[in-house]
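Tertiary structure, described
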Amino acid sequence: MERLVERLEKAVERLETVCQGPGMCGEGSSKGVAQYVQAFDALLSGPVAEYIKISKEVGGDVQKHAEMVHAGLMSERALLVVASQHQQPAENAFSALLKPILEQIQVVQNFREKNRGSKMFNHLSAVSESIPALGWVAMGPKPGPYVKEMTDAAMFYTNRILKEYKDVDKKQVDWVKAYLSIWTELQAYIKEYHTIGLTWSKTGPVATEGAKAAPAAPAGVAPPPPGPPPPPAPVSSSTDDSASRSALFAQINRGEGITSGLRHVSDDMKTHKNPALKNQGGPVRSGPKPFTAPKPACNANPSQTTSPKAPPLLELEGKKWRVENQENATNLVISDTELKQVAYVFKCTNSTLQIKGKINSITLDNCKKLGLVFDDVVGIVEIINSRDVKVQVMGKVPTISINKTDGCHVYLSQSSLDCEIVSAKSSEMNVLIPTEGGDFTEFPVPEQFKTVWNGQKLVTTVTEIAG
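Just so we're clear, the structure is a prediction, and the values are computed from it rather than from any experiment.

Focus on the overall build of the protein
When you go through the protein residue by residue, the secondary structure sums to nine helices and 16 strands. Per-residue burial over the protein gives 41% buried out of 467 residues. A separation threshold of at least 6 residues defines the contact pool for the protein, and within that pool the share at least 24 residues apart is 42%. Summing over all exposed atoms, the protein offers an accessible surface of approximately 26,600 Å²; the carbon and sulfur share of this is 54%.

Quick notes on the environment of Ala 66
With respect to the element layout, Ala 66 can be found in helix H3 (residues 60-85). The spacing of Ala 66 and Lys 53 is 13 residues in sequence and 9.3 Å in space, taken between C-alpha atoms. Contact partners of Ala 66, with chain neighbours within four places excluded, come to Tyr 51, Ile 52 and Ser 55.

A word on a negative patch on the surface
On the surface, a cluster of negative charge is contributed by Asp 388, Asp 406, Glu 428 and Glu 447. Inspection of the secondary structure assignment puts Asp 388 in strand E9 (residues 387-393).

Here we look at the sheet that holds strand E10 (residues 399-403)
The strands that make up a sheet pair up through hydrogen bonds in the backbone, lying either parallel or antiparallel. In space, the seven strands of this open sheet follow the order E1-E2-E4-E6-E8-E10-E12, with mixed pairing throughout. Either end of the sheet is taken by a strand with one partner, and the two such strands are strand E1 (313-317) and strand E12 (420-424). Put simply, the sheet's adjacent strands are angled 10° from each other on average, direction ignored. Where strand E4 (residues 342-346) and strand E6 (residues 361-365) come together, five bridges link them in parallel fashion. Across the sheet, residue Tyr 344 finds its bridge partner in E6, namely Thr 363.

Some points on the sheet that holds strand E3 (residues 332-334)
As summarised here, the arrangement of the seven strands in space is E3-E5-E7-E9-E11-E13-E14, forming an open sheet in which the pairing is mixed. On the outer flanks of this sheet lie E3 and strand E14 (440-444), each paired with one strand and no other. Neighbouring strand axes in the sheet, compared pairwise and without regard to direction, differ in orientation by 15° on average.

Thoughts on the pattern of salt bridges
Proximity of charged atoms lets side chains of opposite charge pair with each other. All told, the structure shown has 13 salt bridges when counted by the stated rule. Across the pair Lys 340 and Glu 338 runs a salt bridge whose closest N-O atoms are separated by 3.9 Å. In this structure, a network of salt bridges that share partners links the residues Arg 112, Glu 113, Arg 116, Glu 129, Asp 365 and Lys 404.

Focus on the confidence of the model for the protein
Summary statistics for the protein give a mean pLDDT of 79 and a share of 71% for residues scoring 70 or more. The lowest-confidence element of the protein is helix H9 (residues 302-306), averaging 45 in pLDDT; the highest-confidence one is E9, averaging 95. Taken together, the stretch residues 15-30 has pLDDT below 50 and engages in 25 contacts with residues farther than four places along the chain or on a different chain. pLDDT under 50 marks residues 213-239. Its contacts with residues more than four places away, or in other chains, come to 47 contacts.

Some thoughts on the environment of Phe 40
Checked against the element boundaries, Phe 40 lands in helix H2 (residues 35-58). For Phe 40, a relative accessible area of 1% corresponds to the buried category. On a C-alpha basis, the gap between Phe 40 and Glu 185 in space is 9.7 Å, while along the polypeptide they are 145 residues apart. With residues near it in sequence (within four places) discarded, Phe 40 still touches Leu 73, Glu 76, Arg 77, Leu 80, Leu 186 and Tyr 189.

Brief notes about the pairing of strand E16 (residues 458-462)
When strand E15 (residues 449-453) meets E16, the two strands line up antiparallel, connected through five bridges. In the sheet register, Val 452 faces E16, and the bridge partner there is Val 459. Where E15 hands over to E16, the hairpin turn is made up of four residues, of which Gly 455 adopts a positive phi near 105°.

A look at the packing of H2 against H3
One way to put it is that H2 packs onto H3 with a least axis distance of 9 Å and a crossing angle of 175°. Taken together, H2 and H3 sit at an angle that is classed as roughly antiparallel. The residue inventory of the contact of H2 with H3, partitioned by class, reads 16 nonpolar, six polar and four charged.

Focus on the packing of aromatic side chains
Per the counting criterion, the structure on display carries twelve aromatic pairs. Between Tyr 51 and Trp 175, the aromatic rings sit 6.1 Å apart at their centres with planes inclined by 55°, giving tilted as the arrangement. Of this pair, Tyr 51 sits in helix H2 while Trp 175 sits in helix H7 (residues 170-193), and the two are 124 residues apart along the sequence. With respect to burial, Tyr 51 and Trp 175 carry one shared label: buried.

Here's the deal with H3
The terminal C-alpha atoms of H3, which comprises 26 residues, lie 39 Å apart, in line with the 38 Å expected from a rise of 1.5 Å per residue. In terms of burial, H3 is a largely internal element, 21 of the 26 residues being buried.

Notes on the packing of helix H6 (residues 143-165) against H7
When two helices pack together, their arrangement is given by the angle between the helix axes and the distance between those axes. It is the contact of H6 with H7, at a shortest axis distance of 10 Å, that shows an interaxial angle of 170°. Considered as vectors, H6 and H7 are oriented roughly antiparallel to each other. Taking contact as the criterion, the partners of Pro 143, Gly 144, Val 147, Lys 148, Thr 151, Met 155, Thr 158, Ile 161, Leu 162 and Tyr 165 in H6 are, on H7, Gln 172, Val 173, Trp 175, Val 176, Leu 180, Trp 183, Leu 186, Gln 187 and Ile 190. Grouping the amino acids of the contact of H6 with H7 by side-chain chemistry returns 13 nonpolar, five polar and one charged.

Observations concerning helix H4 (residues 91-114)
Across its 24 residues, H4 extends 33 Å between first and last C-alpha, which sits within 8% of the 34 Å expected from 1.5 Å per residue. In H4, a bend of some 40° at Lys 99 exceeds every other bend along the element, and Pro 100, a proline, comes one to four places later.

Basis of the calculations
Residues numbered from 1 in each chain as written. Predicted model: local features only at pLDDT ≥ 70, side-chain atom pairs only at ≥ 80, totals over all residues. Heavy atoms only, no water. Helix = DSSP H or I, 4+ residues; strand = E, 2+ residues; numbered from the N terminus. Buried < 20%, exposed > 50% of the residue type's maximum accessible area, 1.4 Å probe, protein only. Contact = heavy atoms within 4.5 Å. Areas by Shrake-Rupley, 256 points an atom, 1.4 Å probe, with all protein chains shown as cover. Patch = residues over 30% accessible without salt bridge, like charges linked within 9 Å, V, L, I, M, F, W, Y side chains within 5 Å. Salt bridge = Lys/Arg side-chain N within 4 Å of Asp/Glu carboxyl O. Lys, Arg positive; Asp, Glu negative; His and termini not counted. Charge placed at Lys NZ, Arg CZ, Asp CG, Glu CD. Pairing = 2+ DSSP bridges. Axes fitted to C-alpha atoms, helices over the stretch in contact; angles between N-to-C directions. pLDDT = per-residue confidence, 0-100. Parallel < 35°, antiparallel > 145°, perpendicular 65-115°, else oblique. Nonpolar A, V, L, I, M, F, W, Y, C, P; charged D, E, K, R; others polar. Phe/Tyr/Trp six-rings, centres within 6.5 Å; stacked < 30°, edge-to-face > 60°. Expected span 1.5 Å × (residues − 1). Bend = angle between axes of the 7 residues up to and from the residue.

What follows is the structure, encoded as structure tokens:
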């Protein structure tokens, strides 16, 4: 690990030398290197170098994650060099050129998933949620807004970090600023050099699947070494979906040319207009009838062959109750709670969980058809990336946050009617208020809004959809 860090530091030092040495950034300082590659090197030696430096000071999982991010950025630089020296390739060749970037994105995201118990989980999540921004090279015609969207995805977690460390550890605050500045500067870079998509050379050979280009560093300066090789990424649908999405974008961008490869069928080749064709080569075989294939057994799940199922977990780790990978468990109970403890519920399906006593906070992440009943929470209950969940408050809770969730029913108690419910990017949310007779009255949470300019500011109001 120390040797790896030394290599990264030397790479940063070389890049800084390129852009800070006298006359090195002049017109002829980098002969053979496209201007937009030099601009990307400036990004690496500026915000990226600062992010790597502070991540090293923070250490631990944050440092390891930063090294993976750096490897992804170096893969992207390699593609930029290829694009600056080659003409735009065919879709399949372009997908192959994108593969190293997509694989490194997957490596970064897998690291977060494997370290959910990390003390720096918010740091890992901020990076994992925004790292797909490296895929801007496959986006068109507006890659800049795509990077902005990925940056916004990180803000949910960076705001948590700022809230936790604002008056405690300035280094953590500096880390947030350094990391976000990478994507801010990348947006400005794209706007200047790749406004409508990755810019390819108008001369030179057409890029092929194995196209490679020399680092083309300025004379007298050794090229920066490549980033550490990524560990083999497990086969997953995310990588395949990203590659397929890139190919789809490329197909769509062809416009009318997308039909140029289709073959015209003349009348003499159509069997319904030329019956003689039906008897050539023997009888025509009909295709298989739909829906006649035997159904697989319930336990035949293809995903289980590619990724082993994680074991269910319910345990106290330090001050955190971890409830993970529970399926069809209807009697989960946490009873021995303390005020300083938190509960993190991850990837639980068709289950119910009861938390007795008073606890600091509860987080539901990636859960489906989960029922949660709890007594008192002094902080916040967060529901993230979930579907069809029901939450019942028996005592008090000051705030319930619902993010990226479809289908959420919140049952409030009489003593929790002053609870604040904050929602974003969610749908089918309902709050149920208790009545004197012991029943509940259901109220939907608005999902649609109208915003107008009143001459001085934007005014947003709820829009009711007529049923």
